[in-house]
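Working through the structure, step by step
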Amino acid sequence: RLSHIASPENQPTAINNTQTKPNTASSNMATALAEWSNKPIQVLTCDGRLIIGTLCGYDQLQNLVLKNSHERVFAPDAPVELVPLGLYVIRGDNVAVVGNLDEERDGMRDLREERAVPIKPVMQNYI
């Protein structure tokens, strides 16, 4: 079953696909993604990458197409590195979490001052 976390207004919303069966999650995820079409989103991939971009396409297999995208690479002893990706496709089987991006709040962050341990790979657990 797909887990959809609804948050109060002005709070990020996320779709978590790490504990779902692949055959039922796909159609539910595509339905949930409809509200984010042509809006900025953030995607945590199963291999631990954080990719930000505008959702411009998706399908029933959770394949995502992002435009104007970039990856945020975290390190404990260096600022967040922004790696431009442009038009980018993320395979559905590599999507762990998808969330909307509050551009106003995100714009207030100073990524040059942020330090963090890199995100570890996400393990897929099927129930």
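What comes next is a walk through the structure. Computed from a predicted structure; not experimentally measured.

In terms of helices and strands, the chain carries 2 helices and 7 strands. In sequence order, the chain lays out its α and β elements as β-β-α-β-β-β-β-β-α. A total of 127 residues make up the chain; the buried ones form 36% of that total. Carbon together with sulfur atoms contributes 53% to the accessible area of the chain, which is approximately 7600 Å² in total.

Residues L33, W36, I41, V43, I51, L55, L64, L66, I90, V95 and V98 constitute the largest nonpolar core, which totals 11 residues. Among the elements of the structure, β3 (40-45), β4 (50-58), β5 (64-75) and β7 (95-100) are those that each provide at least two residues to this core. Setting aside residues no more than four positions away along its own chain, L33 makes contact with L55, Y58, L64 and V98. Counting residues in each nonpolar core, the second largest holds 6 residues, with I52, F74, V80 and L111 among its members.

Here we take up the pairing of strand β6 (residues 78-90). The pairing of β5 with β6 spans 9 bridges and is classified as antiparallel. The residue of β6 that forms the bridge with S69 is G86. Following β5, the chain reverses through 2 residues before pairing antiparallel with β6.

This part covers the side chain of R72. Structurally, the position occupied by R72 is in strand β5. A distance of 3.4 Å separates the side chain of R72 from the side chain of H70, its partner in a polar contact. Polar contacts involving the side chain of R72 include one to the side chain of D106, which spans 2.6 Å. Once residues within four sequence positions are removed from consideration, R72 is found in contact with L50, I52, V80, E81, L82, D106, R109 and L111.

A few words now on the environment of P40. By the secondary structure assignment, P40 is in strand β3. Each C-alpha atom, one on P40 and one on L55, is 6.3 Å from the other, the two residues being 15 residues apart in sequence. Aside from chain neighbours lying at most four places away, what touches P40 is G53, T54, N100, L101 and E103.

A separate point is the environment of E71. One can find E71 in strand β5. Classification of E71 as buried rests on a relative accessible area of 13%. For the pair E71 and E81, spaced 10 residues apart in sequence, the C-alpha to C-alpha distance is 7.9 Å. Setting aside chain neighbours within four positions, we find E71 in contact with R49, L50, I51, E81, L82, V83 and L85. Within the local environment of E71, its side chain forms a polar contact with the side chain of R49, the two groups lying 2.9 Å apart.

Reading the values: rules and limits
- Residues numbered from 1 in each chain as written.
- Predicted model: local features only at pLDDT ≥ 70, side-chain atom pairs only at ≥ 80, totals over all residues.
- Heavy atoms only, no water.
- Helix = DSSP H or I, 4+ residues; strand = E, 2+ residues; numbered from the N terminus.
- Buried < 20%, exposed > 50% of the residue type's maximum accessible area, 1.4 Å probe, protein only.
- Areas by Shrake-Rupley, 256 points an atom, 1.4 Å probe, with all protein chains shown as cover.
- Core = buried A, V, L, I, M, F, W, Y, C linked by side-chain atoms within 4.5 Å.
- Contact = heavy atoms within 4.5 Å.
- Pairing = 2+ DSSP bridges.
- Polar contact = N/O pair within 3.5 Å; in protein donor to acceptor, adjacent residues only side chain to side chain.

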